[in-house]
2 protein chains.
Amino acid sequence: MGKGGNKTMVLSILVDNTAGVLSRVAGLFSRRGYNIDSLTVGETENSEISRMTVAVTGDEAILEQITKQLSKLEDVREIVELFPTTSVCRELVLIKVATTHAERTELNTIANIFRANVVDVSADFMMMELTGSTNKVDAFIKLLDGFEIKELVRTGITGLTRGISVED
Amino acid sequence: MGKGGNKTMVLSILVDNTAGVLSRVAGLFSRRGYNIDSLTVGETENSEISRMTVAVTGDEAILEQITKQLSKLEDVREIVELFPTTSVCRELVLIKVATTHAERTELNTIANIFRANVVDVSADFMMMELTGSTNKVDAFIKLLDGFEIKELVRTGITGLTRGISVED
């Protein structure tokens, strides 16, 4: 561990939409033994550019070094750190829960409270979709603890800076 | 191009939560010159395992080869192809649009029609969040064509197989 202490950092990275960029970015973290908490990469309004959102926890000083190295990659165009106070960060989760007929009503109530959508129902399963902050998604999953979660997928964090900067 | 013709494939991949796995998976695609359309990787109900969702378009025969190579990676536990008829696939998009006061009402109407959430408003900008199928997200972005989109981020596709298999 270095000098800076641990932090969780969310980076929004604009990259050229090339075949190797994802593996290069991921490689920068893994070569330092850094496990990415989550990563999403998808298209932007410009088909030649993709936007990556990376969440990573680790030593502050090393994360700073990695960010500097990232900015030197040829296909990286812009790196912005998303801070909780100046950005909107969201996650999407899909959860498939095993249900009896009796449990379905209770699950539906939980879904309503969290404004989650029920996206699939079958005799034995119910699938729900929720979009929200990481805290909200965590709380939702925790509330489903008593049920049998069959499968769960989270996109990981994505986000944009707010319209008005509240930084100094 | 090979024999199989082009296809778009969505793979749901369960992997060990190791530092190098993302770079290894991404590398398998990029070494073949394959540009991943989107990728999300996030936690599952088990902190030692992550679930990756990869969308990729390309030659069917080569994609099959890549899938086989993926399954041989030590930290890959399971690969499932998500088919439109037997799975629920979703994307999350955040869009920041420049707005005048007059445009705000129109934007709000569009948001309501798509059940998008307005997540941030400032004097000059409005940020909206939408979760839906790729088609729905595409349609929403298209409808915003007349506005000035300042920033846009998509998580890319994530999904789970439905409760009942409708495959033969």
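From a predicted model like this one, the values you see are computed outputs, not experimental measurements.

S.K.: Before we go on, may I ask you to explain helix H2 (residues 60-72) of chain A in this structure?
M.R.: Residues and elements named next belong to chain A. The end-to-end C-alpha separation of H2 is 19 Å, in line with the 18 Å expected for 13 residues at 1.5 Å each. Of the surrounding elements, those touching the buried residues of H2 are strand S1 (6-16), helix H1 (21-30), strand S3 (49-59) and strand S4 (76-81). N-capping of H2 is provided by Asp59, with a side-chain oxygen placed 3.1 Å from the backbone N of Ala61.

S.K.: Please explain the pairing of strand S5 (residues 87-98) of chain A as it appears in this structure.
M.R.: The two faces of a sheet get side chains in turn, since along a regular strand they alternate between them. All names here are of chain A. Summarising burial for S5: eleven of the twelve residues are buried, a large majority. Examined bridge by bridge, S5 and strand S9 (residues 158-161) share four bridges and lie antiparallel to one another. Bridge pairing in S9 links Val88 to Leu160. Pairing geometry for S5 and strand S7 (residues 125-132), over eight bridges, is antiparallel. Looking at S7, one finds that Leu92 is bridged to Thr131.

S.K.: What exactly am I supposed to notice about the packing of aromatic side chains here?
M.R.: Here the distance between the centres and the angle between the planes together describe a pair of aromatic rings. Residue and element names in this part refer to chain A. Counting across every chain of the model gives two aromatic pairs over all chains. Summarising the aromatic geometry, the rings of Phe114 and Phe140 are spaced 5.1 Å apart at their centres and angled 55° between planes, so their arrangement reads as tilted. Note that Phe114 is positioned in the loop between helix H3 (101-113) and strand S6 (117-121) and Phe140 in helix H4 (residues 134-143), a separation of 26 residues in sequence. As far as burial versus exposure is concerned, Phe114 and Phe140 are alike and both buried. A cation over a ring is seen here: Lys96 above Phe125, with NZ or CZ 5.6 Å from the ring centre.

S.K.: Would you mind going over the pairing of strand S8 (residues 148-154) of chain B with me for this structure?
M.R.: Residue and element names in this part refer to chain B. Burial runs high along S8: five of the seven residues are buried. Strand direction decides the pairing type here: strand S5 (residues 87-98) and S8, joined by six bridges, are antiparallel. For Val97, the partnering residue across the bridge sits in S8 and is Ile149.

S.K.: How should the relation of the copies chain A and chain B be read in this particular structure?
M.R.: Two copies of a chain can be linked by a rotation about an axis combined with a shift along that same axis. Overlaying chain A on chain B yields an RMSD of 0.0 Å, the required transformation being a rotation through 180° with an accompanying axial translation of 0.0 Å. Taken together, these values place the two copies in the relation of a two-fold axis. When the interface residues of chain A are mapped onto chain B, 98% of them are again interface residues, pointing to one common binding face.

S.K.: So what exactly am I meant to see when it comes to the sheet that holds strand S3 (residues 49-59) of chain B here?
M.R.: Taken together, the eight strands give an open sheet; going across it, the order is S4(A)-S1(A)-S3(A)-S2(A)-S2(B)-S3(B)-S1(B)-S4(B), and neighbouring strands pair in antiparallel fashion. Here the strands that pair on one side only, and so sit at the sheet edges, are S4 of chain A together with strand S4 (76-81) of chain B. Neighbour to neighbour, the strand axes of the sheet diverge by 20° on average, direction disregarded. Against the sheet, H1(A) engages S1, strand S2 (36-43), S3 and S4 of chain A together with strand S2 (36-43) of chain B, with an angle of about 10° to S3(A).

S.K.: Would you mind going over the domain arrangement of chain A with me for this structure?
M.R.: Residue and element names in this part refer to chain A. As assigned here, chain A comprises domain 1 (7-81) and domain 2 (88-160). Summarising the inter-unit geometry, the C-alpha centres of domain 1 and domain 2 are found 28 Å apart. Summed over both partners, the interface of domain 1 with domain 2 buries about 470 Å², with 59% contributed by carbon and sulfur atoms. Counting every contact that joins domain 1 to domain 2 gives zero salt bridges. If you look at where domain 1 meets domain 2, you find two residue pairs in polar contact (both at pLDDT 80 or more). At the level of elements, S1, S2 and S3 are the ones that each hand at least two residues to the side of domain 1 that touches domain 2. Taken together, the residues that form the side of domain 1 that touches domain 2 break down as three nonpolar, four polar and one charged.

Parameters and conventions
- Residues numbered from 1 in each chain as written.
- Chains lettered and ligands numbered in written order.
- Predicted model: local features only at pLDDT ≥ 70, side-chain atom pairs only at ≥ 80, totals over all residues.
- Heavy atoms only, no water.
- Helix = DSSP H or I, 4+ residues; strand = E, 2+ residues; numbered from the N terminus.
- Expected span 1.5 Å × (residues − 1).
- Contact = heavy atoms within 4.5 Å.
- Polar contact = N/O pair within 3.5 Å; in protein donor to acceptor, adjacent residues only side chain to side chain.
- Buried < 20%, exposed > 50% of the residue type's maximum accessible area, 1.4 Å probe, protein only.
- Pairing = 2+ DSSP bridges.
- Phe/Tyr/Trp six-rings, centres within 6.5 Å; stacked < 30°, edge-to-face > 60°.
- Lys NZ or Arg CZ within 6 Å of the ring centre and 35° of its normal.
- Least-squares fit on C-alpha atoms with pLDDT ≥ 70 in both.
- Axes fitted to C-alpha atoms, helices over the stretch in contact; angles between N-to-C directions.
- Domains from an automatic or database assignment.
- Buried area = accessible area lost by both parts, 1.4 Å probe.
- Salt bridge = Lys/Arg side-chain N within 4 Å of Asp/Glu carboxyl O.
- Nonpolar A, V, L, I, M, F, W, Y, C, P; charged D, E, K, R; others polar.

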